Amino acid sequence: MNDFEFYSPTRFVFGRGVTDAVGQHVAELGYKRALLVYGGGSVVRTGTLARVKESLAKAGIEFVELSGVRPNPEVASVREGIAVARENDVDLVLPVGGGSTIDCAKAIAFGVFHDGDVWDFFAKKAVIEQALPLMCVLTIPAAGSEGSSSCVISNDSIDAKFGVNSDLIRPKVSFLDPELTFTLPAYQTAAGVTDMIAHICERFFSGTGSSEVTDNIATGIIRTLINQAPVAIAEPENYEARANIMWSGTLAHNDLAGCGLNAVPTSRAGGWESHALEHQLSAFDTSITHGAGLAVMMPAWMRFVWREDPNRFLAFADLVFGIEPVDETEEAVEDAVTAAIDELQAFFAELGMPTKLGEFGLKPENIDSFLATLKANKGEVFGGFKKITLEDARVIYESAF
Ligand code: NZQ
Ligand code: ZN
C-alpha cells in the first residue's frame, strides 16, 4: 500500500427530495447570488430546474442562468458563462445536470478570475489559483464530477478535449436525489455505469501496487454496478437500483477507490490510459457519449497491456468475476485474464453499449486524427500500467475496429 493523501471536502446530501433543500443549504453557507448552469433541456422537461429555482426563491437567493450546455461541453459555453457571472457578480456557481454541465460550471468558476481566455488553463498556459464556490444538483450518475477535482472541456476549433484538475473545484455541496435519475434513457444509464467502472479500473490498474482494503472497495463497487445496472434499465423507477448506482458513481471517482495505489502521494492514482484514448473520440465526434467510447476503448486497452502484470489482472478477474486460472501455466493465466476481459465487455454490451468503433460511424482512416490530438494532449508517451507510445495507441485503436 503506497502513501497517499485523500481529500474529499464535499458535503454529499443524498436521498429523496433533497432537490428541494438546495436553497436552504445555499443560505446556510451565506451565498447570495447564484449562477444556475444547465444543459439542453432535460431539467426543464423533468421539472427539476423549477424545483431548484423555487427552493432558491424561498430562501431569498437571487439567481441568473446559463442554459444550453451540451454533452462534451464546449469552451464557448464556458466563455458565455464567465461573462454572465461577471456581469451579475455571482458568488456561487450552481450546475443542475450531469458531468458536462458541472464541468462547464467548474470552468466558469475559475475562468472568472482570469484576465485572458479560459482555454489558457486547458492549454497549460495558466494554473488554477482561485475559483468561485460550486454546489451541484446531479441528474445523471456517470462522470463523478460531483465529487471530483476534474474538469473536462472541448474546443471544437482544434478538435480538442482536455482536462484540468484542482482541489479548488471540488463542489462544496452536491445534492444526489436518485429519483431525478428515473427519467434517464437506458443508453445514458448504461454509459454512466461504464464510465464509473472505468474510473475504478483506471485506478486499480495504476501499475503502482495494490491495497487489500482499496481493492475490495473498488471491486465491491464494480460488483454492485454489475448487479444494479440491469435492474435500473429494466425498471427505470426502481429506487434502490438508482440509489446504489448514484452513490457508486461518486465513490468511483472521489479518489476513495484509489487510496494507496498512487505513484506520488499527492497525485491521483492511475495512468488514465483508457480515458486518454476515449477523449480523442469524443473530441473528434462530439456526438459520441464518453461512457460509450470507454466501453470500446477500455477492453481494447486491457487486451493490449495485461501481460505487463498478469497477476494484477488475475486479482481483478477473481475479485470481480470469481474467475481463477485452472493451473499456473501461461496458457491458464491467459485464459483466465481473457475470460475476465470478455466478461466485462459482454456486460457493457448487454447494457446496450457498443463493442467496436465502427458502431459510432468511425473509420480506421480517422485514427491519424485521434493520434494527433492524443499527442497534443498526452505527448509521445503516456500511461502508468504500461507506457503507451503513439504507435501502441495506433495498434489499440486498430484493434477496436
Ligand atoms: O443536456 P440535457 O438536456 O440535460 O440532457 C443530458 C445529456 O443529453 C441527459 N440527462 C442528464 N440528466 C438527465 C438526462 N436525461 C434525462 N433525465 C435526466 N435526469 O444526459 C445526457 C448526458 O449528460 P452529460 O452531462 O453529458 O453526462 P455525463 O455525466 O456522462 O458527463 C459526460 C462529460 O463528463 C466528462 C466527459 O468527458 C463528458 O464530457 N467527464 C468528466 C469527469 C470529471 N469532471 O470528473 C470525469 C469523466 O471521466 C469524464 O471525462
Ligand atoms: Zn470518465
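Being a predicted model, the structure only gives us computed values, none of them experimental.

This brings us to the coordination of the zinc ion (ligand 2). Here the zinc ion (ligand 2) is held by the protein donor atoms Asp195 (OD), His199 (NE2), His275 (NE2) and His290 (NE2), which lie 2.0 to 2.2 Å from it. Binding-site remark: the zinc ion (ligand 2) is held by donors from one chain whose sequence spacing is D-x3-H-x75-H-x14-H. With a gap of 76 residues between them, histidine 199 in helix H7 (residues 186-204) and histidine 275 in helix H10 (residues 273-284) connect regions that are remote in the sequence. Taken individually, histidine 199 and histidine 275 each receive the classification buried, so the pair is uniform in this respect.

For the rest of this paragraph, the subject is the site of ligand 1. Around ligand 1 lies a shell of 31 residues, among which Ser42, Gly99, Ser100, Ser148 and Lys161 are the nearest. Glycine 41 places a polar main-chain atom, nitrogen or oxygen, 3.1 Å from an oxygen atom of ligand 1. A distance of 2.5 Å is found between an oxygen atom of ligand 1 and a side-chain nitrogen or oxygen belonging to serine 100. Counting only elements with at least two residues in the shell around ligand 1, the list comes to helix H5 (99-111), strand E6 (150-155), H7 and H10. Within the shell around ligand 1, the residues separate by chemical class into nine nonpolar, 19 polar and three charged.

Moving on: the environment of arginine 394. Within the fold, arginine 394 resides in helix H15 (residues 390-399). Separated by 280 residues in the primary sequence, arginine 394 and histidine 114 have C-alpha atoms spaced 37 Å apart. Not counting the four nearest positions on each side in its chain, arginine 394 is found in contact with Ile367, Asp368 and Leu371.

Here we take up the side chain of glutamine 345. Mapped onto the fold, glutamine 345 is located in helix H13 (residues 330-350). Since its relative accessible area comes to 14%, glutamine 345 is described here as buried. Of the polar contacts made by the side chain of glutamine 345, one reaches the side chain of arginine 303; its length is 2.8 Å. Contacts of glutamine 345, omitting those with residues within four sequence positions, involve Ala295, Pro299, Arg303 and Thr355.

What follows is about the layout of surface pockets. Space inside the second largest pocket adds up to approximately 280 Å³. What lines the second largest pocket is a set of 16 residues, and nearest its centre among them are Pro9, Arg170, Pro171, Lys172 and Val173. Along the lines of polarity and charge, the residues of the lining of the second largest pocket split into ten nonpolar, one polar and five charged.

This part covers the nonpolar core. It is characteristic of soluble globular proteins that their nonpolar side chains tend to be buried jointly. Counting 68 residues, the largest nonpolar core has Ile197 and Tyr397 as the members making the most contacts within it. Ranked by residue count, the leading element in this core is helix H11 (residues 290-305), at ten residues. Leaving out residues up to four positions away in the same chain, isoleucine 197 has contacts with Ile222, Leu225, Met298, Leu344, Phe347 and Phe348. By size, the runner-up hydrophobic cluster in this structure holds 33 residues, among which are Leu66, Ala109, Ala126 and Ile169.

How each quantity is defined
- Residues numbered from 1 in each chain as written.
- Chains lettered and ligands numbered in written order.
- Predicted model: local features only at pLDDT ≥ 70, side-chain atom pairs only at ≥ 80, totals over all residues.
- Heavy atoms only, no water.
- Donors = N, O, S within 2.8 Å, 3.2 Å for Na, K, Ca; no water.
- Helix = DSSP H or I, 4+ residues; strand = E, 2+ residues; numbered from the N terminus.
- Buried < 20%, exposed > 50% of the residue type's maximum accessible area, 1.4 Å probe, protein only.
- Near = heavy atom within 4 Å.
- Polar contact = N/O pair within 3.5 Å; in protein donor to acceptor, adjacent residues only side chain to side chain.
- Nonpolar A, V, L, I, M, F, W, Y, C, P; charged D, E, K, R; others polar.
- Contact = heavy atoms within 4.5 Å.
- 1 Å grid on protein atoms, 1.4 Å probe; cavity = no way out; pocket = protein on both sides within 12 Å on 5 of 7 lines; lining within 4 Å.
- Points joined across faces, edges and corners; volume = space filled by probe spheres on them.
- Core = buried A, V, L, I, M, F, W, Y, C linked by side-chain atoms within 4.5 Å.

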